[in-house]
Number of protein chains: 2
Amino acid sequence: MKELTPRQEEALAFVLETLERRGYPPSVRELCEALGLSSTRGALRHLEALERKGFISRAPGARAIRVRDGLRGGVAYLPLVGEVPAGPLRYASEEVEEWLPVPARWGGKGRFLLRVKGDSMIGDGICDGDLVVVNPGGGVEEGEIVVALVEGEATVKRLRRRGGVVELHASNPRYAPLRVRKGEAEVKVVGKVVSLLRERV
Amino acid sequence: MKELTPRQEEALAFVLETLERRGYPPSVRELCEALGLSSTRGALRHLEALERKGFISRAPGARAIRVRDGLRGGVAYLPLVGEVPAGPLRYASEEVEEWLPVPARWGGKGRFLLRVKGDSMIGDGICDGDLVVVNPGGGVEEGEIVVALVEGEATVKRLRRRGGVVELHASNPRYAPLRVRKGEAEVKVVGKVVSLLRERV
DNA sequence: TTTACTATTAAACAAATATTTACTATAATA
DNA sequence: TATTATAGTAAATATTTGTTTAATAGTAAA
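What you are looking at is a predicted structure, and each value in this text was computed from that prediction instead of being measured. (Residues numbered from 1 in each chain as written. Chains lettered and ligands numbered in written order. Predicted model: local features only at pLDDT ≥ 70, side-chain atom pairs only at ≥ 80, totals over all residues. Heavy atoms only, no water.)

With that settled, consider the protein's contact with DNA strand C. Near DNA strand C, the surroundings consist of 23 residues, among which Val-28 and Arg-63 of chain A together with Thr-5, Arg-7 and Ser-38 of chain B are the closest. A breakdown of the atoms of DNA strand C within 4 Å of the protein gives sugar and phosphate a share of 58%. Between a phosphate oxygen of DNA strand C and a main-chain N or O atom of Ser-38 of chain B, the distance comes to 2.9 Å. His-46 of chain B is positioned with one of its side-chain polar atoms (N or O) 3.1 Å from a phosphate oxygen of DNA strand C. (Near = heavy atom within 4 Å. Polar contact = N/O pair within 3.5 Å; in protein donor to acceptor, adjacent residues only side chain to side chain.)

See below:
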């Protein structure tokens, strides 16, 4: 990405700020005024420069400014599920409480949000009521924080494997680890916890 | 919220879809064409109805359509700032690293994201590298977690007021509280920490 | 039935907006 | 030095866009 001149940065900042503030882009004249110019030509020049350098794209017509993804952070939507499904997530609407926007790089195939119950993971900064992003499926490494189904109930724990024994560790010392022998089917690792949202700190 | 007629729903859907697809609202003529009308008057009527029923608001000017929060997938964009400004946030681009999407109810006037440095608040589940949503300005109550500027450096701490003395408490016992007498200007409370994002658990 | 609301067309009009042409000036650079 | 990119002003023009006026019709409710 090419560098912007200070003036061009000001122009871009105003476009972004306007989009944020009221939901549609500024006109050339509004940009002109924001930059303190007396001719629209100057403002137009900055827009042309921003387009040439790839920060925005423009179409014929009024306010037809589109900001490049990444400047206005791409968005992904993840479903907040009420129950953790044993099988692949089907997004049946009964299972999905809500779809929430997250930064695009948090998204991915099959990922979903799960509300954490209890304080068993406060040692890892995961609190009661937090929403964790779960990357479902295999590829879970020793020592990672996972979502597991223990007798049908979803739980967030740290995974340890000790020679044929799967252990689920809390990070709150008041909780004892759960040990399960290989082959016992009562525990199923759903996926790995990758990110976290906390609505109220 | 009032009900929409089928035709008004079509109009609203087109506005939302256009915003999603290219980042700025449609013109009346574009809506007109999308609805298969031969006169802009019809399309304008639908926009007027949508405004009257509270689904959108409009301003004078081209494409000046603003969609009510909650319809647009419930997303708000907050700037991730590198430095915490002493005054009101100006969105000068040097200060803004990135704009990130968050659930709409996390947004609000002046709110911004700040990256937490250090582990002084792990007792409250706030870890090094977390992004906190800051609601700037007054109205900070005793006992709340705040962002404060201490000698120009931003820090996240819990606020206590004890008769003329402002105290900033870490929740990690390894850190001592900072006490500041009233009137000493080296500490400035920027705002309250309301929400939290953690990219990598 | 009357009334109110929705839906639509046609044509004209007014305002906002983008764009172009022409000219000046500065700073960095090959 | 000449060149290139940036930054700006002024004025005019073209286009897009929003808005208004004047009609016609269907539907649902009082």
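Pairing between side chains of opposite charge can happen when the charged atoms of each approach one another. Residues and elements named next belong to chain B. Taken as a whole and assessed by the stated rule, the structure comprises 27 salt bridges over all chains. Between Arg-198 and Asp-130 there is a salt bridge, with its nearest N and O atoms 2.9 Å apart. A residue pair is termed long-range when its members are at least 10 positions apart, and Arg-198 in strand S11 (residues 187–198) and Asp-130 in the loop between strand S5 (112–115) and strand S6 (131–136) qualify at 68 residues. Exposure remark for Asp-130: the relative accessible area of 1% places this residue in the buried category. (Salt bridge = Lys/Arg side-chain N within 4 Å of Asp/Glu carboxyl O. Helix = DSSP H or I, 4+ residues; strand = E, 2+ residues; numbered from the N terminus. Buried < 20%, exposed > 50% of the residue type's maximum accessible area, 1.4 Å probe, protein only.)

Another aspect to go through is the protein's contact with DNA strand D. What surrounds DNA strand D is a group of 24 residues, the closest being Thr-5 and Arg-7 of chain A together with Val-28, Arg-29 and Arg-63 of chain B. When the atoms of DNA strand D within 4 Å of the protein are sorted by group, sugar and phosphate make up 54%. Taking His-46 of chain A, its side chain carries an N or O atom lying 2.9 Å from a phosphate oxygen of DNA strand D. At 2.4 Å from a phosphate oxygen of DNA strand D is found a main-chain nitrogen or oxygen belonging to Val-28 of chain B. Elements with a contribution of two residues or more to the surface near DNA strand D: helix H1 (6–22) and helix H3 (40–52) of chain A together with helix H2 (28–34) and helix H3 (40–52) of chain B. No other element matches the five residues that H3 of chain A contributes to the surface near DNA strand D. For the surface near DNA strand D, the residue count by class is five nonpolar, 10 polar and nine charged. (Nonpolar A, V, L, I, M, F, W, Y, C, P; charged D, E, K, R; others polar.)

Residues and elements named next belong to chain A. The terminal C-alpha atoms of H3, which comprises 13 residues, lie 18 Å apart, in line with the 18 Å expected from a rise of 1.5 Å per residue. All of the buried residues in H3 are Ala-43, His-46, Leu-47, Ala-49 and Leu-50. End-on view of H3: buried residues confined to an arc of 160°, all on one side of the axis. Buried residues along H3 sit in contact with H1, helix H2 (28–34), strand S1 (56–58) and strand S2 (65–67). (Expected span 1.5 Å × (residues − 1). Arc of directions from axis to C-beta. Contact = heavy atoms within 4.5 Å.)

Now for the interface of chain B and chain A. Tallying the contact residues gives 44 residues for chain B and 47 residues for chain A. Carbon and sulfur atoms supply 52% of the area that chain B and chain A bury against each other, a total of about 3800 Å² over both sides. Where Arg-105 of chain B meets Glu-199 of chain A, a salt bridge forms, and the shortest distance between an N and an O atom there is 2.5 Å. At the junction of chain B with chain A, the criterion picks out 15 residue pairs in polar contact (both at pLDDT 80 or more). Looking at the side of chain B that touches chain A, the elements that each hand over two or more residues are helix H1 (6–22), strand S2 (65–67), strand S3 (75–81), strand S4 (96–103) and S11 of chain B. Looking at side-chain class alone, the side of chain B that touches chain A contains 25 nonpolar, seven polar and 12 charged residues. Relative to S11 of chain B, strand S11 (residues 187–198) of chain A runs antiparallel, the two sharing three bridges. Its bridge partner lying in S11 of chain B, Arg-198 of chain A is registered against Leu-196 of chain B. (Buried area = accessible area lost by both parts, 1.4 Å probe. Pairing = 2+ DSSP bridges.)

Once that is clear, we can look at the side chain of Gln-8 of chain B. All names here are of chain B. Mapped onto the elements, Gln-8 comes out in helix H1. For Gln-8, a relative accessible area of 9% puts it in the buried group. There is a polar contact of 2.9 Å between the side chain of Gln-8 and the side chain of Lys-53.

So, about the pairing of S3 of chain B. Residue and element names in this part refer to chain B. Where burial is concerned, most of S3 is hidden: seven out of the seven residues are buried. A two-sided burial pattern is seen for S3, the buried positions comprising Val-75, Tyr-77, Pro-79 and Val-81 on one face and Ala-76, Leu-78 and Leu-80 on the other. For S3 and S5, the ladder comprises two bridges, and the chain directions are parallel. Across the sheet, the residue bridging to Leu-80 is Leu-113, located in S5.

Below, the discussion takes up the packing of aromatic side chains. Considering all chains together, one arrives at zero aromatic pairs over all chains under this definition. The positively charged end of Arg-68 of chain A is found above the aromatic ring belonging to Phe-55 of chain A, 5.7 Å away from the centroid. (Phe/Tyr/Trp six-rings, centres within 6.5 Å; stacked < 30°, edge-to-face > 60°. Lys NZ or Arg CZ within 6 Å of the ring centre and 35° of its normal.)

A word on the confidence of the model for chain A. Scored by pLDDT, chain A comes out at a mean of 84, with 87% of its residues at no less than 70. Confidence, expressed as mean pLDDT per element, reaches its minimum in chain A at strand S4 (residues 96–103) of chain A with 75 and its maximum at H2 of chain A with 94. (pLDDT = per-residue confidence, 0-100.)

All right, on to the packing of H1 of chain B against H3 of chain B then. All names here are of chain B. Viewed as axis vectors pointing N to C, H1 and H3 meet at an angle of 90°, and their least axial separation amounts to 9 Å. Classified by the angle between their axes, H1 and H3 sit roughly perpendicular to one another. Contacts between H1 and H3 involve Arg-7, Gln-8, Ala-11, Leu-12 and Val-15 on the former and, on the latter, His-46, Leu-47, Ala-49 and Leu-50. Partitioned by chemical class, the residues of the contact of H1 with H3 number six nonpolar, two polar and one charged. (Axes fitted to C-alpha atoms, helices over the stretch in contact; angles between N-to-C directions. Parallel < 35°, antiparallel > 145°, perpendicular 65-115°, else oblique.)

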